[in-house]
Structure formats: structure tokens, C-alpha cells
Amino acid sequence: MTGRERILAVLAGQGADHLPCMPITMTFASDILGAKYLQYVRDHRVMVDAQIKTAELFGFDYVSTISDPTREAADLGANIHWYEDRPPAINEELALLADKSVLSRLQASGPITGRRMEDRIRGIERLRELCGSELLVEGWVEGPCAEAADLRGINRLMMDFSDDPSFVHELFDFTLATAIDFAAAQINAGADLIGVGDAAASLVGPRIYNEFVWPWEKKLVDSIHANGGRVRLHICGNTRRILDGMGTLGCDLVDIDYPVPMDQARAQTGPQQTLAGNLDPVRDVRNGSPETIGQSLAEVLRQAGSRWIVAAGCEIVRDTPHENVRAMTSFAQSHAAHGMIQ
Amino acid sequence: MTDSNELYQAILTGNAKKAHATTQAAIEAGVAPMDLITASMVPAMDQVGRLFEEEEYFVPELLLAGRAMKSAMELLRPLMVASGQKMSARVVIGTVKGDLHDIGKNIVASMLEGSGFEVIDLGADVSPEAFVAAVEQRQPQFVCMSALLTVTMPAMKTTIDALMTAGLRNRVKVLIGGAPVTTEYAREIGADGYSENASTAVGLVRSLLAEA
Ligand code: B12
């Protein structure tokens, strides 16, 4: 089986020769290539080379175009801090929507404008071309809540939920439309799977999640499916209190971060949900050893059952020892993925 | 006392307008600022912290409570300064250089403020030099640093070293926090304490103050 076939089989609830391995790498991959992270985020060719080199070196089953949260916001005109060797960040003080009234005048940006969103699309095309059907190609969009936080400033958004619910609804309509178009363009470019990063949602409780976040996430998931794509939902952090909702979005894959015990994630999302995770990127993966990583993964497998993909709860941090990352692939390669009993 | 109960409720429910109005009314009725702080504000922020630990409250509720607390504090601070009353201790807080995550830091800052400490918030991406300058100029008893990225954690050590070089290290207690930080790390870099969340951070400051 190729990596792509292996992942697609497990997402479909079928068996595979072994478990797929899909750890998120960004700065880690850039370091593997020896590039500065600024080049990685600005030039898709650097990202593509780094992703392929990393996947080959460690035996991952996929390559991804996740890089930083600012692609959409940058194209919409947000003020971005650039760093030579770190991910760019949004200037929250000068957020595009620091003044709420700007929303009604804010021009939507299509994905193809020669800027940051298009760079990711070109990256997907190139990855598809170079990887053929060997590796799964993953696209990425900011989820409606995360993008709203990027545009408004996360500290402000957190209070808007109670101060001005109708503004939040309008804002989420805007960010949803951006995400739908960006995802569609990535599917067209050849992405097999679209990661939806909505980590800001991990900061709210079930009441706000159900009222404000879930309905918009659901529309995004449905739209990606209607356009022929698959969805990986990534809400890192402590999502224990919103997992019930996350499990009913119909995502093909749900990432679970380390603050959530995997058995609880399995119980709350049900036997049909494919899950990925959930080693602690710092304590387990960076600070651990190949032996402790093998033991931890065995325990996660026991709790998750085999509709599961080997990964850490979030990105592999850049100074992680290579043998520790290799231990994740070795574990995956030495365990068969059993299909669901139909 | 109904006044203090109303302020307590206003902070707990994150109602800034009501917190402001009740505080104004209490001041006009002659209630001493320090009484409002100890009888309503501190217990309200304690309860907010408890509800967060129990996963009843989440970040939005914490930020709203913090804002309500601040709207009451704005009225009390000038009165306390005028009457020469001292807060129990002064704290300088910031997110370290290279790190823009400030939500946790903001929550710790407002919990400390709501617990009767004077808080000087330096913001995010604060250089070691800026921490040193603040310690020199403002003479705090505590320096609190927050970091959310493994790559910015070393900036906590750099800041402690800079305080050392400036000859200021012995004048302050240094506390650190943020999701990737641990007690072991605090020990390793020579900080005086670490705590996991905002309400235990308040407890930590209180206990270090009692020791001093
Ligand atoms: C919101 C967020 C952002 C926002 C920050 C906005 C802002 N104004 O703060 C934005 C989008 C800008 C952002 C950017 C990035 N982020 Co970010 N972000 C998060 C997120 C989702 C939540 C963090 C948070 O606010 N938690 C809530 C608060 C309340 O918790 P807390 O900060 O831990 O604070 C509590 C305690 O720790 C303690 N505490 C905090 N400080 C202190 C201080 C003292 C003295 C004490 C005693 C206690 C204490 O009390 C607080 C209250 O209880 C987390 C993932 C997650 N879901 O947790 C990732 C996360 C922190 N980010 C991460 C990363 C990698 C990044 C980026 C590099 C992403 C990228 N690739 O582009 C950039 C870096 C930007 C920069 N230079 O700083 C990683 C960090 C991994 C690591 N360990 O190194 C995380 C963990 C995501 C992940 N799993 O990978 N991010």
C-alpha cells in the first residue's frame, strides 16, 4: 500500500497493512531542509522540498501545506509581523477588525490573487505532481473561529461572544465564506484532505461552542465534502468539554491533543470516528526517548482502537530529536490497522 | 452587606457596567475602598478561578470577569492613592521576548489585580532589558513571566540572568508560567516559583509574601 492508500483506507474504516503516521511538521520540516522559516512560508517550493524530504526521511504517509495562521488574514490586509526564522504572526493590537464597524466594508479576498493563499495552492499542485499517488497531500484552512480571532484579535473575540452576538455571527459568516473558497481551490489543486485549524475554539466552553462555533464549522465541513474533499479537524488544547460536538461534525479525521485522554475522546466521538494523536509534543515526543514513545503509543492504541492514526497532539516542535520522530513511524509500521467489524 | 454582594455578583457574571455602577454607589455611601476589595473583589476573583479549574468557566468568562473587576478598580485606585493606602505588593508581569501569547498572562494579571495586588503589565514580547528597566523604576516585589512556546522559554532564563547582571535579582521573587513550563524548569533556571493556572498563581504570590 502507498501512504496515500493507507490513510484513505483507515479514514474509510477499512484495514491497512499498517497504521498510518501523520505527525504535523512545520518549523521542524524547514530545519530538516536547512531553510529559514521565512522562506518556507513565503515560497511554496521551499515548503514542498522540506515536506517531501521530511516525509521520506521519517517514512510519513503524507505531506502537508500547513504553515502558519496568517495566510488568509494577510490576503485580507491584516498587519503581519515577519520573522527571519519563525512563523509570522498577526499584530493583535492593530487587528484588521479592532474597530468592529470595519467588517461591513471589508472586501472578501478570493484565493487566487498572487499572494499568500495562492502560494499554498501552488504548493499543493506541486506536491500532487511530485508525490503522485505515493503520499497523501493535505491542504489547510483556518477554521471560522480561528480566522475570526485572527481578524478581530482573540482577546476581543472572546468578549464579543457576550457583548455583541450578532457581530460574531456576521464575522463568522465572513470567515466561513473565505474558508469555503480557499478549501475549494485547494481541492481543485489536488489536495486529498483539508485540515481545518480551529484552535481558538478550545478556549470556549460548550455553550459558546454549540451556539457560535459548531454551526459554522458544520457548514465548512459539509461544503468541503460537497466539493469532493475530506476533512481533518484540528482543535488543539483542552477540548474535553466540546468533544461531543466535534464528534458530530462528520469529519473524516479528528485530531486529539494531549490534554484529552484518548479513551475519553473515543467514548465521546463514537466507534466510527477516525482519530489522530495524542502524544504531548513537548513532554512525550521532544523530551522522551524512542522507548518511552513506543510505550506511550501502545497505550494510546489500546485506548483509541485501530480506527486511529499515529500523531502527536499538535506540531512536532523544532528541536525534537530525530530518533524520537522515527520511533513514531516505527511504531506505526509495526502495527496493522484492523478494519471496523462491519 | 448588599453592596459588596452586588459587586461580587457583577464581577462573577462579567458585568462591567454593573461592577462600575455598584462600586460608584458604594463609594458614595462611604464604603472604604479596601473593604470593597477584600469583601467582594477578592472573593469574586477567587470564585472565578475556582470555576475555571472546575471547567465551568472558560477563557471568555475569565476575560469578562477581569474586565468587570478592572472597571471597579479604576474607581478605587485614585481613592487609595489619595488616602496613601498601599496595595499588598507590586507585581511586574509580561510575556517574554518573541512570544505573543498574552491571554494567559492577561488572566493572571487580572486575578492578581483582583486579589489586591498592584499589577504593572508590560504586555507581550517583552525583552529582558524591558523587564530590568521596569524592576529598576517601579521597584516591584514580584516579576511574573509567561511563555507559551518551547522556543521562547529560554527567554525566561535570559531575563533572570539580566536581572542578575543588573544586580536586581535579590530584590524580587521571580515567578514563571505558561502551558509548556514546569516546576522542574523553574528550578533549572533559578526562578522562585511556577504555577499551573491563574488561581494557584495568586496563592503562590500570597505564600511567598507570607514567607518574606
Ligand atoms: C491562542 C493561540 C495563539 C494566538 C495567540 C493570541 C494571543 N493574543 O495570545 C496566535 C494565533 C497569535 C498564536 C500564534 C502562534 N502559536 Co499559538 N496557540 C494558541 C492556543 C490556541 C491557545 C493559547 C491560550 O491562550 N491558552 C489559554 C490560556 C488561558 O492558557 P495559558 O496561556 O496556558 O495560561 C494559563 C496558565 O498557563 C497560567 N499562566 C500563564 N502565564 C503565566 C505566568 C505566570 C507567572 C504564572 C504563575 C502562570 C501563568 O495561567 C493561565 C490561566 O490559567 C494554543 C493551543 C491551545 N489550544 O492551547 C496555541 C499554542 C500555544 N501555539 C503554538 C504555536 C506553535 C504558535 C505559533 C508558532 C503558530 C505558528 N506555527 O504560526 C504562533 C507563534 C506566535 C508567537 N510568536 O508568539 C503552540 C505552542 C507549541 C509549543 N509548546 O511550543 C500551541 C500549544 C499550539 C500547539 N499545540 O502547537 N497562537
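Residues numbered from 1 in each chain as written. Chains lettered and ligands numbered in written order. Predicted model: local features only at pLDDT ≥ 70, side-chain atom pairs only at ≥ 80, totals over all residues. Heavy atoms only, no water.

Section: the coordination of the cobalt atom of the ligand
Okay, so step 1: Among all protein atoms, only His-101 of chain B (NE2) binds the cobalt atom of the ligand, sitting 2.3 Å from it.
Okay, so step 2: Relative to the helices and strands, His-101 of chain B resides in the loop between strand S1 (90-95) and helix H5 (103-114). (Donors = N, O, S within 2.8 Å, 3.2 Å for Na, K, Ca; no water. Helix = DSSP H or I, 4+ residues; strand = E, 2+ residues; numbered from the N terminus.)

Quick notes on the pattern of salt bridges
Okay, so step 1: Scanning the model with the defined rule gives 27 salt bridges over all chains in all.
Okay, so step 2: Linking Glu-118 of chain B and Arg-90 of chain B is a salt bridge whose minimum nitrogen-to-oxygen distance equals 3.1 Å. Of this pair, Glu-118 of chain B sits in strand S2 (residues 118-121) while Arg-90 of chain B sits in strand S1, and the two are 28 residues apart along the sequence.
Okay, so step 3: One salt bridge connects Lys-105 of chain B with Asp-121 of chain B, and the closest N-O pair in it is separated by 3.0 Å. Note that Lys-105 of chain B is positioned in helix H5 and Asp-121 of chain B in strand S2, a separation of 16 residues in sequence.
Okay, so step 4: A relative accessible area of 37% means that Asp-121 of chain B is categorised as partly exposed.
Okay, so step 5: What you see here is one network of salt bridges that share partners, running through Arg-4, Arg-128 and Asp-192 of chain A. (Salt bridge = Lys/Arg side-chain N within 4 Å of Asp/Glu carboxyl O. Buried < 20%, exposed > 50% of the residue type's maximum accessible area, 1.4 Å probe, protein only.)

Quick look at the sheet that holds S2 of chain B
Residues and elements named next belong to chain B.
Okay, so step 1: Across the sheet, 5 strands lie side by side as S2-S1-S3-S4-S5; this open sheet has parallel pairing. The open sheet has two edge strands, S2 and strand S5 (193-194), and neither has a second partner.
Okay, so step 2: Bridge count for strand S3 (residues 142-146) against strand S4 (residues 173-177) is 5 bridges, and the pairing is parallel. Across the sheet, the residue bridging to Val-143 is Val-174, located in S4.
Okay, so step 3: Along the sheet face, helix H6 (residues 128-138) touches S1, S2 and S3 and points at about 165° away from the line of S1. (Pairing = 2+ DSSP bridges. Contact = heavy atoms within 4.5 Å. Axes fitted to C-alpha atoms, helices over the stretch in contact; angles between N-to-C directions.)

Brief notes about the confidence of the model for chain B
Okay, so step 1: When the pLDDT values of chain B are averaged, the result is 91; 98% of them are 70 or greater.
Okay, so step 2: Interface predicted TM-score (ipTM) for the complex: 0.91; the corresponding pTM is 0.91. (pLDDT = per-residue confidence, 0-100.)

Structural notes on the pairing of strand S7 (residues 253-256) of chain A
Residue and element names in this part refer to chain A.
Okay, so step 1: Going residue by residue along S7, you find Leu-253 and Asp-255 tucked away on one face and Val-254 and Ile-256 tucked away on the opposite face as well.
Okay, so step 2: Here strand S6 (residues 230-234) pairs with S7 via 2 bridges, running parallel. Opposite Leu-233, over in S7, you have Val-254 as the bridge partner.
Okay, so step 3: Regarding the hand of the β-α-β motif, the stretch spanning S7, helix H12 (residues 262-269) and strand S8 (residues 275-279) is right-handed. (Right-handed = clockwise from strand over helix to strand, strands pointing away.)

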